[in-house]
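Coordinates in review
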Amino acid sequence: MSITVVGSIAFDAVRTPFGERERMLGGAASHFALAASMLEPVNLVGPVGDDFGDAEMAVLRTRGSNVDDVEHVSGGKTFFWKGHYHEDMNTRDTLETQLNVFEHFAPKLSRRSREADVLFLANIQPGLQLRVREQCQAAKFVALDSMNLWIDIAREELQRIIGRVDCLILNDEELRQLTGAKTTVAAAREVLQHGPSIVVAKQGEYGAALITGDDFFALPAYPLEQVVDPTGAGDTFAGGFVGYIAASLGEELSDELLRSAMAHATVLASFNVEEFGTERVARLTGSEIAARIEELQAMTQFSGAPLQLRG
C-alpha cells in the first residue's frame, strides 16, 4: 500500500553532549519517509530551496521513495532549525528557526500522492492539514501529528482535522494540553470521542502508549547505553507505526496488529537516536530491525505467577 506524507523537509544544526552537526538533513517528512519506506513506498510532499542539493535528494529517495512532489522553490532557502540538547537529552533549547520556503508552503499533490492508500499529516499548520485531507479522499488510513504551538494558536482548526483522521500521534504533554485532562489516558479517551479510533502518546525515553476504544498498551523505549541525537525520533516512530499499518491494510486492525506496529515503531526510533539526523536510519536494514524487535519482545514479557498475598 502506498503512503503519502506531507510535512517539512529541512536542514538542522544540532549540538548534543556527544558532538554537533552544523548542517544535516532533517524535517518531519524526511524522518518519516526513511522509516516508513522500510515497508511500503512513500510519496513525499514538501518544499525545498536552492540550497537543497542532489546529495540530500538522494537520501530522500532511499528505498525508492517518490520525490516528484518535493517542490523546489526557485530563489528560496530550505527550512532551517538549530537546537542544543542538554546533558539529560530530554530537554533542548531552540536557538534559531528560519521558516524560509516553508513560510508560504501550499501543498501541491500530484494524482499519485492524492490517491495513496495511507496519508500521514506531519506537523504543519492545521489549516493546511485540512486542505490536504480534503484532497486525499481515497486514503483508507489517515494519521496526524501536531504540536503545542498549534494547540495554542489554532485549536479550532486542529480540532476539526483531528475529527477527520483515524489516528492521532502526540506526546503525552500535548495530549493533556489539548484536552485539559489530568492524565494521558484520560486525555486519550477524550480524543477518541471526537473521531480517531487510535491515539498514540509518545513519551520520549519512557516509550509510548497506545489507546483505543477497548485496549491500552504501553512499551518502554528500547534501552540504549548512549543516545547521540534525539532529533527526528518522534517522526521516525510515526513512520514505523504508520508504515507497519500500511503494510497490513488488508488485515483487520486488531489489537495484536497495533501492538506489533508499536514494537516496530519503537525499534526504528531507537536506531534513529544512535547517530545524528538521518544518518543511521538511511542505511538501516531489515535484518537489524528484526533482531532488535526480538530483543524488545524478550525484554517486555514475563511468565511469573503472582505469589499468595496476605490480607
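This text follows the structure it describes.
Residues numbered from 1 in each chain as written. Predicted model: local features only at pLDDT ≥ 70, side-chain atom pairs only at ≥ 80, totals over all residues. Heavy atoms only, no water.

Here we take up the layout of surface pockets. Leftover empty space is mapped by rolling, across the atoms, a probe with the size of a water molecule. If you add up the space inside the second largest pocket, you get close to 260 Å³. Contributing to the lining of the second largest pocket are Phe217, Ala218, Leu219, Pro220, Arg259, Ser260, Ala263, Ile293, Leu296, Gln297, Thr300 and Gln301. Sorting the residues of the lining of the second largest pocket by element identifies β13 (216–219), α10 (255–272) and α12 (286–299) as the ones contributing at least two each. (1 Å grid on protein atoms, 1.4 Å probe; cavity = no way out; pocket = protein on both sides within 12 Å on 5 of 7 lines; lining within 4 Å. Points joined across faces, edges and corners; volume = space filled by probe spheres on them. Helix = DSSP H or I, 4+ residues; strand = E, 2+ residues; numbered from the N terminus.)

Here asparagine 43 lies in strand β4 (residues 42–48). If near-sequence neighbours (up to four positions away) are discounted, asparagine 43 is found in contact with Ser2, Ile3, Thr4, Val5, Asn66, Arg112, Ser113 and Ala116. (Contact = heavy atoms within 4.5 Å.)

This part covers the packing of helix α1 (residues 28–36) against helix α9 (residues 233–247). Across the interface, α1 lies against α9 with an axial gap of 7 Å and an inter-helix angle of 40 degrees. On the basis of the axis angle, α1 is oblique to α9. For α1 against α9, the interelement crossing comes out right-handed. For the pair formed by α1 and α9, the contact residues are Ala28, His31, Phe32, Ala35 and Ala36 on the first element and Asp235, Thr236, Ala238, Gly239, Gly240, Val242 and Gly243 on the second. Across the contact of α1 with α9, the residue classes break down as six nonpolar, five polar and one charged. (Axes fitted to C-alpha atoms, helices over the stretch in contact; angles between N-to-C directions. Parallel < 35°, antiparallel > 145°, perpendicular 65-115°, else oblique. Left-handed = near helix turned anticlockwise from the far one by under 90°. Nonpolar A, V, L, I, M, F, W, Y, C, P; charged D, E, K, R; others polar.)

Counting across every chain of the model gives 11 salt bridges. A salt bridge links aspartate 145 to lysine 202; the nearest nitrogen and oxygen atoms lie 3.7 Å apart. One end of the pair, aspartate 145, is in strand β9 (residues 141–145); the other, lysine 202, is in strand β11 (residues 198–202), and 57 residues separate them in sequence. Across the pair, lysine 202 and aspartate 145 agree in class, each one buried. We note a salt bridge from glutamate 275 to arginine 283, for which the minimum N-O separation is 2.5 Å. Arginine 283 gets classed as partly exposed once you look at its relative accessible area, which sits at 47%. Salt bridges linked by common partners bring Glu274, Arg280, Glu288 and Arg292 together as one network. (Salt bridge = Lys/Arg side-chain N within 4 Å of Asp/Glu carboxyl O. Buried < 20%, exposed > 50% of the residue type's maximum accessible area, 1.4 Å probe, protein only.)

With mixed pairing, the nine strands of this open sheet are ordered in space as β5-β4-β1-β8-β9-β10-β11-β12-β13. Pairing within the sheet leaves two strands with one partner each, and these edge strands are β5 (66–72) and β13. Taken over all neighbouring pairs, the strand axes of this sheet differ in orientation by 15 degrees on average, direction set aside. Here five bridges tie β4 to β5, and the two strands are oriented parallel to one another. Bridge assignment links proline 47 to a residue of β5, and that residue is glutamate 71. Against the sheet, α1 engages β1 (3–6), β4 and β8 (118–121), with an angle of about 165 degrees to β4. The sheet strands contacting α10 are β11, β12 (208–212) and β13, and the helix crosses β12 at an angle near 160 degrees. (Pairing = 2+ DSSP bridges.)

Here we take up helix α6 (residues 155–162). In an α-helix there are 3.6 residues to a turn, and that puts residues three or four apart on one side. Every buried residue belonging to α6 is among Leu158, Ile161 and Ile162, and all of these are buried. Looking straight down α6, one finds that the buried residues subtend no more than 105 degrees of arc, so they occupy a single side. (Arc of directions from axis to C-beta.)

Turning our eyes to something else, we now look at the pairing of β13. Side chains of β13 alternate between two faces, with Phe217 and Leu219 buried and Phe216 and Ala218 left unburied. Taken together, the four bridges between β12 and β13 define a ladder with antiparallel strand orientation. For leucine 210, the partnering residue across the bridge sits in β13 and is phenylalanine 217. As consecutive antiparallel partners, β12 and β13 are separated by three residues.

So far we have only geometry, and geometry alone does not tell us how the molecule works.
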